[in-house]
Structures are given as C-alpha cells and as structure tokens.
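Structural features, examined
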Amino acid sequence: MGYDILSTVIELTDGPGALRKRLAAVARLLVETHRFDQCAVYEYDARERSFSLLAVHGARAGRKRSYMAGEGLVGRLSRERGVLESHGGTLDSDKGFAPYSSAYVFTLSDTTRLYGALCLKSFEPYRLSGHAMELLKVIALQMASVMKCDRIYRGLRTSLKDLKLMQSRLVHAEKFLALGDMAATLAHQIKNPLVSIGGLASRIGRSLDADSACAPYVRRLVSEVRRLEEILEAIVGYSEDRGARFAEVELNGLVDASLHNFDEQLRVHRIEVRRTRRGGRLLTFGDGEQLKIAFDNLIINAIQSMEKGGVLDVTTGICGDFVVAEFTDSGGGIDPRHVGDIFNPFFTTKDGGTGLGLPITRTIILRHKGSIEVTNRTGEGVTFTVMLPRTPRGA
Ligand SMILES: Nc1ncnc2c1ncn2[C@@H]1O[C@H](COP(=O)(O)OP(=O)(O)OP(=O)(O)O)[C@@H](O)[C@H]1O
Ligand SMILES: [Mg+2]
C-alpha cells in the first residue's frame, strides 16, 4: 500500500514528459525576453558520453538533435565548465550553430555532475551585458537543479518498479512454499494406496483372458493410475528443491539438447524450427538438468499449441548482464483472459494437462535468479523469454 502512495506522489509531481515541458517553457521565456532567435536545451548522458536535445524554442534552423562528447560547441562541455561563447561566423563547422552569428552555451551542472547544456543563438551579432550574463548563470543553475531532481525521481521510479517486482516474486514464493508443504503431505498420503491400486489392477489384468470384455477397462485403469503417479511425481518435483547441482553451463548447449529431445514430435507435427544464435558462448551458473526441464516445458507447450504445424523460433543471445533464450511459436497465442493465470499451479486449458509445466519452469528460473516473461500475440503466437545471470567470462 505504501508503494502505491509513493507511486501516486511521483506521478503527480513528476509525470512523464514533465521535465521536457518545463524546460520548453524556460526556452520560450528566454527567447521572448532576450534578443535570441533560438534557445535549445540538451541533456547529458554520462554513460553514452553524449548530449541529446530535450527542448527547443524559436528559429527552426540548426536544431541539431545530438552531440557526442567533444563534438562542436555543446560537446566541449564534457571537458569544460562555465559559459562558452562564439561570435562572428566561427561556428561553420557545427551544424547546430552554422546559420547563427552569436551563440552562448551555458553549462548545466552542480559541483559534481554535468546535467546538460543551455544554448542561446542569434542570427544577428549579439553580446550579453554583464548583468544579463549573471542572470543567465543563475537561471542555468536553477535548470540544473530541476534536471537533477528529475534524475532522482527517475531513479526512484525505477527502484519502485524493482520493489513491486520483488514484492510480487515474494508473494509467488510464499504461495509456492505453502503449496509445497501441502503437496508433499498429500503426495505421501496418496502415493502408497495408489501404488497398491496400480499393482492390483495389473494383477487382475494378467489373470484375465485376452478376449475378456473387462480387459480394456482394466488396461484403462492401469494407465490412469500411471498418469496419477506421474502427476504426483511432478508435484513432488515441484515442491522440493532437489539438491540443485550448480556449475558453469552454456546456454546454447542446453537449449539445443532440449530441442533435440523433441526432434521426432517436431517432425510429426510439421513444425519448422528456426534457430538463431547471437553473442558467442553464453555462460551462466546453474543446474543444467533443471534448466533443461524448464526449456523442455516451454518447447512441449509450443508443440502442443501447433499440432497442425507451424514455426518455432528459438533465439539465444546476451542482454546486458543476462544470457537470454527466447521461444516464439505460431500456435495462435493465449486467450487474453487466461494470460494472468498461466503461471498458477494447476491452471490448464488442456485435457490431461496438469497445469504444472509453467509453474515448475518459473520456479526453476527463479532459483537461478533469472526471470521468465511471456509476450502474447492473440491469434498469432506466444514468446517466452528466459533471462539468466551471465557469468563474468561469458561473452
Ligand atoms: N505456447 C503456448 N501457446 C498457447 N498457450 C500456452 C502456451 N504455453 C502455455 N499455454 C497455456 O498455459 C497453460 C498452462 O501451461 P502449463 O505448461 O503450466 O500446463 P499445461 O501445458 O496445461 O499442462 P502440463 O504442462 O502439465 O502438461 C496451458 O494449458 C495453455 O493454456
Ligand atoms: Mg505444459
């Protein structure tokens, strides 16, 4: 609940686009109150070492969208601080300033950080008075502090998103813990009588004549008991963390091994597999056997969604600090009403499905400190994206 209030406050005080709007208003005011023809505000990205246009007002000429560090008058601010000025046609090499005779560039920074640049340009030669210069320096300081606040807000917003994600994972984990306890108890209670029923049914089957009218019923009884045993196995496997064995593993190898398990089914159902590999060796720290179970589940679901043929795109690669495996099928997608339920234990739309495939997959991926996301294109197909932390040498 606390997060919701914080989220509303952030939304009210600093909704999307608020910074751009505020700076555009400042740019307009500066053009209207001085003899400048254009005012442009750039934001500095320290990671990219570039400036990008955030707001502009006035003449259309020279609206350059970005500067790399060191490039032109704006780019020089990555090394220098204070006010840069240029007069009398010395700016020809800089596309953003070429048509202008006079230009001033004010650093937008505080004592530690560079936030951006404020550019004022005029077609006619124009020099600021000492008083106007002082005033603009104060305005630049004020703008820098607004940009600083915006960065803090953006940081907060990201942390809030992370917190919400963590919270939902925690709820998920708690649900599973409770379910795990219950499942383990139930499995114990049910398994023994079930084994007896199965054994007895098999004995009855063996004692019947092959042409007995009861034989098909008994066979059915035996196969249904076996199915129940498999379901119990799946529940137990899901609820216990079976002493995972972690080691450095390579994602491509695991995904290919899983795909290989289904060669026959893919062929029978006329499913074309398109395999794309990006980024060389994709190393992660994990339990290879468990990860293969997770990929198997995604591939089985894809096959089941394309029983009359289709295309399965399997792409592996790197995204930041993660290795990624993406499974995209052309099986028509998930009914939008069900998308929120597919990771819930026992949710299934299939005759004979246990509804444990995806929850098991998710639990395995979460145990690896990874994530699994679904992108549903109703009527077309589904993409499951698995991300796992990349080991430092993996690339
Ligand atoms: N690739 C997919 N395309 C369409 N629907 C899907 C896909 N993957 C999962 N689903 C939906 O999510 C549900 C839950 O999937 P999950 O793998 O957990 O269980 P299941 O496949 O029904 O049963 P089980 O995996 O035990 O055989 C499925 O019943 C199906 O409705
Ligand atoms: Mg399944």
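Shown above is the structure to which this text applies.
Every chain's residues receive numbers from 1 upward, in the order its sequence appears when written. The naming scheme follows written order: chains are lettered A onward, ligands numbered 1 onward. Reporting in this predicted model follows two pLDDT cut-offs: at least 70 for local features of residues, and 80 or more for side-chain atom pairs to be given and counted; totals over whole chains, interfaces and linings ignore these cut-offs and use all residues. Heavy atoms from the whole structure form the basis of all side-chain values; hydrogens and water molecules are not counted.

1. Side note on the overall build of the chain
For clarity, the cut-off: Helix numbering and strand numbering both begin at the N terminus, where a helix is a DSSP run of H or I of at least 4 residues and a strand a DSSP run of E of at least 2. Residue exposure (1.4 Å probe, protein chains only): buried if accessible area is under 20% of the type maximum, exposed if over 50%, otherwise partly exposed. By definition, residues are in contact when any of their heavy atoms lie within 4.5 Å.
Secondary structure summary: the chain contains nine helices and 13 strands in total. The 395 residues of the chain split such that 39% are buried. Intrachain contacts of the chain at a sequence separation of at least 6 include 65% that bridge at least 24 residues.

2. Examining the sheet that holds strand β4 (residues 83–87)
Counted only if it meets this: Only strands joined by at least two bridges in the DSSP assignment are considered to pair. Each axis is a line fitted through C-alpha atoms, and for a helix only the stretch in contact is used; angles between axes span 0 to 180 degrees, taken between their N-to-C directions.
Spatially, the six strands line up as an open sheet ordered β3-β2-β1-β6-β5-β4, and their pairing is antiparallel. With partners counted over all chains shown, the strands left at the sheet margins are β3 (66–68) and β4, one partner each. Mean inter-strand twist for the sheet, computed between neighbouring axes without regard to direction, equals 20°. The pairing of β4 with strand β5 (residues 102–109) spans five bridges and is classified as antiparallel.

3. Observations concerning helix α6 (residues 251–261)
Applicable threshold: Throughout, the arc means the angular range of directions from the helix axis out to the C-beta atoms. A 3.5 Å cut-off defines polar contacts: any pair of N or O atoms within that distance qualifies, except that in protein one atom must be a possible hydrogen donor and the other a possible acceptor, and neighbouring residues in sequence count only when both atoms are side-chain atoms.
For α6, the complete set of buried residues consists of Leu251, Asn252, Leu254, Val255, Ser258 and Leu259. Down the axis of α6, the sector holding all buried residues measures 165°, keeping them to one side. Between the side-chain oxygen at the start of α6 and the backbone nitrogen of Asn252 there is a gap of 3.1 Å, and the oxygen is on Glu250.

4. As for unusual backbone geometry
The backbone of Arg49 shows a phi angle near 50°, a positive value even though the residue is not glycine. Of note in this structure, Lys369 is not a glycine but carries a positive phi near 60°. Its location among the elements puts Lys369 in the loop between α9 (357–367) and β12 (371–377). The exposure class assigned to Lys369 is exposed, which follows from its relative accessible area of 67%.

5. Quick look at the packing of aromatic side chains
The line we're drawing: The rule is short: rings of Phe, Tyr and Trp, with Trp giving its six-membered ring, pair when the centres are within 6.5 Å, and they are stacked under 30 degrees, edge-to-face over 60, tilted in between. Geometrically, a lysine NZ or arginine CZ counts as sitting over a ring once it is within 6 Å of the ring centre and also within 35 degrees of the ring normal.
Inspection of the entire model under this criterion finds eight aromatic pairs. Both rings, one in Phe36 and one in Tyr104, keep their centres 6.2 Å apart while their planes meet at 80°; by these two values the pair is edge-to-face. One end of the pair, Phe36, is in the loop between α2 (18–33) and β1 (38–45); the other, Tyr104, is in strand β5, and 68 residues separate them in sequence. Across this residue pair, the class does not change: Phe36 and Tyr104 are buried. Relative to Tyr67, the ring of Tyr42 has its centre 5.4 Å away and its plane inclined at 75°; by these criteria the two rings are edge-to-face. One end of the pair, Tyr42, is in strand β1; the other, Tyr67, is in strand β3, with 25 residues separating them in the sequence. Taken individually, Tyr42 and Tyr67 each receive the classification buried, so the pair is uniform in this respect. Here the aromatic cluster, defined as three or more aromatic residues joined through ring pairs, consists of Phe36, Tyr104 and Tyr126. Just above the ring of Tyr67 sits the side chain of Lys64; from NZ or CZ to the centre is 4.9 Å.

6. Notes on the pairing of strand β11 (residues 322–328)
Most of β11 is tucked away: five of the seven residues are buried. Alignment of strand β10 (residues 310–319) against β11, held across seven bridges, turns out to be antiparallel. Its bridge partner lying in β11, Val314 is registered against Phe327. Between the end of β10 and the start of β11, which pair antiparallel, lie two residues, with Gly320 showing a positive phi angle near 60°.

7. Concerning the site of ligand 1
The line we're drawing: Nearness is judged by heavy atoms alone; a residue qualifies as near a molecule or strand once a single heavy atom is within 4 Å of it.
Around ligand 1 sit 20 residues in total, of which Asp329, Thr348, Thr349, Lys350 and Thr354 are the nearest. At 2.5 Å from an oxygen atom of ligand 1 is found a side-chain nitrogen or oxygen belonging to Thr349. Separating an oxygen atom of ligand 1 from a backbone N or O atom of Gly357 is a distance of 3.4 Å. Within the residue set of the shell around ligand 1, elements represented by two or more residues are α8 (288–305), α9 and β13 (381–389).

8. Section: the sheet that holds strand β8 (residues 271–277)
Overall, mixed pairing links the five strands, which are arranged β8-β10-β11-β13-β12 in an open sheet. Whereas interior strands pair on both sides, the edge strands pair on one side only; in this sheet they are β8 and β12. Taking the axes of each pair of neighbouring strands and ignoring which way they run, one obtains an average angle of 15° across the sheet. Here α6 sits on the sheet in contact with β8, β10, β11 and β13, set at roughly 175° to β8.

9. Points about α8
Note: α-helices contain 3.6 residues per turn, so residues at a spacing of three or four share the same orientation. How we decide: What a helix should span is 1.5 Å times the count of its residues minus one.
An ideal rise of 1.5 Å per residue puts 26 Å on 18 residues; α8 measures up with 26 Å between its terminal C-alpha atoms. Residues of α8 that are buried: Gly288, Gln290, Leu291, Ala294, Phe295, Asp296, Asn297, Leu298, Ile299, Ala302 and Ile303. N-cap assignment for α8: the residue whose side-chain oxygen lies 3.0 Å from the backbone N of Glu289 is Asp287.

10. Considering the pattern of salt bridges
Selection criterion: Salt bridges are counted wherever a side-chain nitrogen of Lys or Arg sits within 4 Å of a carboxyl oxygen of Asp or Glu.
Going through the model one piece at a time under the given rule, you end up with 18 salt bridges. A salt bridge links Arg28 to Glu32; its shortest N-O distance comes to 3.7 Å. Of the two residues, Arg28 and Glu32 both sit in helix α2, four residues apart, roughly one turn of that helix. Arg28 sits in the partly exposed class, given a relative accessible area of 40%. Connected through shared salt-bridge partners, Glu43, Asp150 and Arg154 make up one network.

Note that all results are geometric; they support no functional claim without further evidence.
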